[in-house]
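Survey of secondary and tertiary structure
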Amino acid sequence: MILNLTPHPIRLYAHEREDGIDDLEPHLREVIEPEATPARLATIELGGGFTFEMVEFGHAQNLPPKRDGYQYIVSLVVALALADRRSDLLAPYREVRNASGTVIGCRSLAQPV
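Residues numbered from 1 in each chain as written. Predicted model: local features only at pLDDT ≥ 70, side-chain atom pairs only at ≥ 80, totals over all residues. Heavy atoms only, no water.

**Comments concerning the packing of aromatic side chains**
Throughout the structure, instances matching the rule amount to zero aromatic pairs. One cation-aromatic arrangement involves Arg17 over Tyr13; the distance from NZ or CZ to the ring centre is 4.6 Å. In this arrangement the basic side chain of Arg67 is found over the ring face of Tyr70, its NZ or CZ atom lying 3.8 Å from the centre. (Phe/Tyr/Trp six-rings, centres within 6.5 Å; stacked < 30°, edge-to-face > 60°. Lys NZ or Arg CZ within 6 Å of the ring centre and 35° of its normal.)

Take a look at the structure:
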């Protein structure tokens with residue numbers, strides 16, 4: 001079972017889906033709706049200046065423990081931060097973009113290693 005721990009629906013498209021189309025339906029294989037609470041990385045702001053902030057990214061928040069038979073779609077930031085400790089995290093991969101360049105889905109899911 002795959003659960004979506006991002007704050008938005010994940011639209012999975014067939015590989016032949018082209019970018020630049022505003023219609024969401026062509027080659028749509030599946031939509032995975034989000035769970036109630038998204039997983040995020042905790043942050044601690046350490047100060048900074050006008051151009052940048054120094055930020056320490058911490059542990060994942062709202063991420064359930066590993067369970068047999070379950071995989072979790074999370075943001076790429078969360079998946080990369082935990083890649084060496086969690087083999088059950090997936091991130092959207094090979095994004096699909098509409099005519100204005102906005103990501104509307106993906107062609108596959110990736111497991112960072």
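**A look at unusual backbone geometry**
Excluding glycine, most residues fall at negative phi; most peptide bonds, likewise, are trans. The backbone of Asn62 shows a phi angle near 65°, a positive value even though the residue is not glycine. Structurally, Asn62 can be placed in the loop between strand S5 (53–61) and strand S6 (71–73). At Arg94, a position not held by glycine, the phi torsion is positive, near 55°. By secondary structure assignment, the location of Arg94 is in strand S7 (residues 89–97). Residue Arg94 is classed as partly exposed on the basis of its relative accessible area of 45%. (Helix = DSSP H or I, 4+ residues; strand = E, 2+ residues; numbered from the N terminus. Buried < 20%, exposed > 50% of the residue type's maximum accessible area, 1.4 Å probe, protein only.)

**Regarding the environment of Asp19**
Mapping Asp19 onto the fold places it in the loop between strand S2 (10–13) and strand S3 (28–32). Classification of Asp19 as partly exposed rests on a relative accessible area of 42%. With 80 residues separating them along the chain, Asp19 and Ala99 place their C-alpha atoms 7.2 Å apart. Those residues within four positions of Asp19 in sequence are excluded, and the remaining contacts are Glu95, Val96, Arg97 and Arg107. At 2.9 Å, the side chain of Asp19 and the backbone nitrogen of Arg97 are in polar contact. For Asp19, the side chain forms a polar contact with the side chain of Arg107, separated by 3.1 Å. (Contact = heavy atoms within 4.5 Å. Polar contact = N/O pair within 3.5 Å; in protein donor to acceptor, adjacent residues only side chain to side chain.)

**Notes on the layout of surface pockets**
In this structure, the largest pocket occupies an estimated 320 Å³ of space. Around the largest pocket, the lining is made up of 18 residues, and of these His8, Ile10, Pro92, Glu95 and Val103 lie nearest the centre. Elements with a contribution of two residues or more to the lining of the largest pocket: S2, S7 and strand S8 (103–110). Counting residues per element, the lining of the largest pocket draws most heavily on S8, which supplies five residues. Here the residues of the lining of the largest pocket are counted per class, giving 12 nonpolar, four polar and two charged. (1 Å grid on protein atoms, 1.4 Å probe; cavity = no way out; pocket = protein on both sides within 12 Å on 5 of 7 lines; lining within 4 Å. Points joined across faces, edges and corners; volume = space filled by probe spheres on them. Nonpolar A, V, L, I, M, F, W, Y, C, P; charged D, E, K, R; others polar.)

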